[in-house]
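Okay, here's what each chain looks like letter by letter:
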Amino acid sequence: MKTLLSLLLCLCINLDALAQPPIRVGVELQPYKPYYAVEDGEYGGYARELLDAFAAEYGYQFVYTPLPVRRLLSDFLAGRVDLKFPDHPQWNADQKAGHAVRYSRPAAPYIDGVLVKPQYLGQGKQRIALLGTQNGFTPWPYLAEIQAGHIKLIQANQIESLLMMAASDRVDAVYLNPRVVTHQLRQMRLAPDALVFDPQLAHVEDHYYLSSIRHPELIEAFDRFLEQRAELVAALRLRHGL
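Residues numbered from 1 in each chain as written. Predicted model: local features only at pLDDT ≥ 70, side-chain atom pairs only at ≥ 80, totals over all residues. Heavy atoms only, no water.

Below, the discussion takes up the pairing of strand E8 (residues 130-134). Burial analysis of E8 places four of its five residues in the buried class, the great majority of the element. Taken together, the five bridges between E8 and strand E9 (residues 152-156) define a ladder with parallel strand orientation. Looking at E9, one finds that Leu131 is bridged to Leu153. On the question of chirality, the crossover connecting E8 to the parallel E9 by way of helix H5 (residues 143-148) is right-handed. As defined by bridge partners, E8 adjoins strand E10 (residues 173-176) across three bridges and the pair is classed as parallel. Opposite Thr133, over in E10, you have Tyr175 as the bridge partner. (Buried < 20%, exposed > 50% of the residue type's maximum accessible area, 1.4 Å probe, protein only. Helix = DSSP H or I, 4+ residues; strand = E, 2+ residues; numbered from the N terminus. Pairing = 2+ DSSP bridges. Right-handed = clockwise from strand over helix to strand, strands pointing away.)

Below, the structure written as structure tokens:
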């Protein structure tokens, strides 16, 4: 009898989940492995596995909507997507003003910093006149120097283009995520130490977050998932080198 009741309960939960409308998850279109990427129209990487595991645990139906970074923000603020990943309270704070954005617990650790050719390692920021970064990135530790005109910021859509610029000395350094750079160098079949992270230069160690305006209850559920399934989350991070 208990087995039958359990099966009926599971059936009811599954039917209830199917009756719920899909949750639209806004994600970045740009490739950013191992965190995420869109390949052949399919969103993948660490973020996809993490969010899929959460959806399966709570019976949600997630539909991933890859968008360019600026379009993703505008669609999120306009309510055209229900969740946004990645996000951070510091990003686009002026544009988010007046919106009740709810952020999750930390969902993925990251480092953003300066990468240089090995021969320039440890030479300090005084040699950096041209700093490359990806469109949509803000090199927070160097913002004052950029605004003062001491460093010129060069932006590009593709990380591959930035790495080639650094490798050929068209920029003095790049401000990116070292894990992403390592993955991209491997994809480009370049030496893994063609560009190296300089830990002596100012950098940011932080986390990416899941956010929502329309559904704070989803953020609460995601926080519970991160806490209760910490071992699963740790295993996903390990598998993706995070």
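This is not the end of the story, as more comes after the structure.
A separate point is helix H7 (residues 178-187). Taken as a whole, H7 has its buried residues at Pro178, Val180, Val181, His183, Gln184 and Leu185. N-cap assignment for H7: the residue whose side-chain oxygen lies 2.9 Å from the backbone N of Arg179 is Asn177. Within two residues after H7, Arg189 carries a phi angle of roughly 60 degrees, on the positive side. (Polar contact = N/O pair within 3.5 Å; in protein donor to acceptor, adjacent residues only side chain to side chain.)

The next thing to look at is the domain arrangement of the protein. For the protein, the assigned domains read domain 1 (23-108 + 205-238) and domain 2 (110-202). Measuring from the centre of the C-alpha atoms in domain 1 to the corresponding centre in domain 2 gives 26 Å. At the interface, 13 residues of domain 1 touch 13 residues of domain 2. Summed over both partners, the interface of domain 1 with domain 2 buries about 1,200 Å², with 56% contributed by carbon and sulfur atoms. When residues of domain 1 are sorted by the area they lose upon contact with domain 2, Tyr32, Lys33 and Tyr35 head the list and together hold 37% of the total. Run the count over domain 1 and domain 2 and you get zero salt bridges. Counting across the interface, domain 1 meets domain 2 through three residue pairs in polar contact (both at pLDDT 80 or more). (Domains from an automatic or database assignment. Contact = heavy atoms within 4.5 Å. Buried area = accessible area lost by both parts, 1.4 Å probe. Salt bridge = Lys/Arg side-chain N within 4 Å of Asp/Glu carboxyl O.)

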